[in-house]
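# Overview (structure and organization)
One-letter residues, chain by chain:
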Amino acid sequence: MKIHGCIFCQVAAHEKTAKILYEDEHCIAFQDIHPKAPVHLLVIPRKHITSLNDNLDDDKALLGHLMTVVGRMAKEQGIDGTGYRAVINTNAEAGQTVFHLHIHMLGGRILNWPPG
Ligand code: AMP
Ligand code: ZN
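In short, a report on the structure. This structure is a prediction, so every number in the text was calculated from the model and none was measured.

### A few points about the site of ligand 1
Taken together, 16 residues form the shell around ligand 1, and within it Asp32, Asn89, Gly95, Thr97 and His104 come nearest. Within the contact set of ligand 1, an oxygen atom lies 3.0 Å away from a backbone nitrogen or oxygen of valine 98. Between ligand 1 and histidine 104, the relevant distance is 2.8 Å, taken from an oxygen atom to a side-chain nitrogen or oxygen of the residue. Burial of ligand 1 by the surrounding chains reaches 87%, relative to a free accessible area of 500 Å². With respect to the pocket detection grid, ligand 1 is positioned in the largest pocket. Among the elements of the structure, helix H1 (7-12) and strand S2 (27-31) are those that each provide at least two residues to the shell around ligand 1. Here the residues of the shell around ligand 1 are counted per class, giving 6 nonpolar, 8 polar and 2 charged.

### Quick notes on the coordination of the zinc ion (ligand 2)
Those protein atoms acting as donors to the zinc ion (ligand 2) are Cys6 (SG), Cys9 (SG), His48 (ND1) and His100 (ND1), and they sit at 2.0 to 2.3 Å. Taken together, the 4 donor atoms surrounding the zinc ion (ligand 2) define angles of 105 to 116° at the centre, an arrangement classified as tetrahedral. Between consecutive donor residues of the zinc ion (ligand 2), the sequence gaps follow C-x2-C-x38-H-x51-H. One end of the pair, cysteine 6, is in the segment before H1; the other, histidine 48, is in the loop between strand S3 (39-45) and helix H2 (60-76), with 42 residues separating them in the sequence. For the residue pair cysteine 6 and histidine 48, the accessibility class agrees, reading buried in each case.

### Comments concerning the layout of surface pockets
Which parts of space are left empty comes out when a probe the size of a water molecule is rolled across the atoms. Of the pockets and cavities examined, the largest pocket occupies roughly 730 Å³. Taken together, 30 residues form the lining of the largest pocket, with Asp32, His34, His40, Leu42 and His104 sitting closest to its centre. In the lining of the largest pocket, the residues fall into 14 nonpolar, 10 polar and 6 charged.

### A closer look at the packing of aromatic side chains
Scanning all chains against the criterion turns up 1 aromatic pair. Seen in terms of ring centroids, phenylalanine 8 and phenylalanine 30 are 5.3 Å apart; in terms of plane orientation they differ by 80°. Their pairing is edge-to-face. Here phenylalanine 8, found in helix H1, pairs with phenylalanine 30, found in strand S2; they are 22 residues apart in sequence, far enough to count as distant. Judged by its relative accessible area of 4%, phenylalanine 30 falls in the buried class.

What counts, and where the lines are drawn
Residues numbered from 1 in each chain as written. Chains lettered and ligands numbered in written order. Predicted model: local features only at pLDDT ≥ 70, side-chain atom pairs only at ≥ 80, totals over all residues. Heavy atoms only, no water. Near = heavy atom within 4 Å. Polar contact = N/O pair within 3.5 Å; in protein donor to acceptor, adjacent residues only side chain to side chain. Areas by Shrake-Rupley, 256 points an atom, 1.4 Å probe, with all protein chains shown as cover. 1 Å grid on protein atoms, 1.4 Å probe; cavity = no way out; pocket = protein on both sides within 12 Å on 5 of 7 lines; lining within 4 Å. Sits in = over half its atoms within 2 Å of the grid points. Helix = DSSP H or I, 4+ residues; strand = E, 2+ residues; numbered from the N terminus. Nonpolar A, V, L, I, M, F, W, Y, C, P; charged D, E, K, R; others polar. Donors = N, O, S within 2.8 Å, 3.2 Å for Na, K, Ca; no water. Tetrahedral: all angles 85-135°; square planar, octahedral: opposite > 155°, others 65-115°. Buried < 20%, exposed > 50% of the residue type's maximum accessible area, 1.4 Å probe, protein only. Points joined across faces, edges and corners; volume = space filled by probe spheres on them. Phe/Tyr/Trp six-rings, centres within 6.5 Å; stacked < 30°, edge-to-face > 60°.

Printed below as a string of structure tokens:
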């Protein structure tokens, strides 16, 4: 279900412009508007999930699907060999600012560990 005022629900519904790189029935991948690496994409479910803190018992297949799309996008972007990172920020101390679940996929440069 689409949540009123959720920007990622709007991206998924094509009501808000984004540079979309992949989409299917369940998810959509698009460029982050403020990229933190040469490749910085977001993979989101079409369904509104607020965060990993939601009850996701019925969404296991969907979550697995999102991860397969991350890998697919890394190949398409040509960074599967050099390396990339998939990140899900959850709540304030992790820096979550958009409360519609999204997987950051970052690559194209050396990524430090641990992250800030
Ligand atoms: P987080 O801080 O983990 O919640 O990540 C939210 C991400 O969404 C940030 O990296 C933002 O740059 C990105 N973002 C916010 N609004 C948009 C938008 N309209 N299109 C693309 N990316 C966005
Ligand atoms: Zn949403």
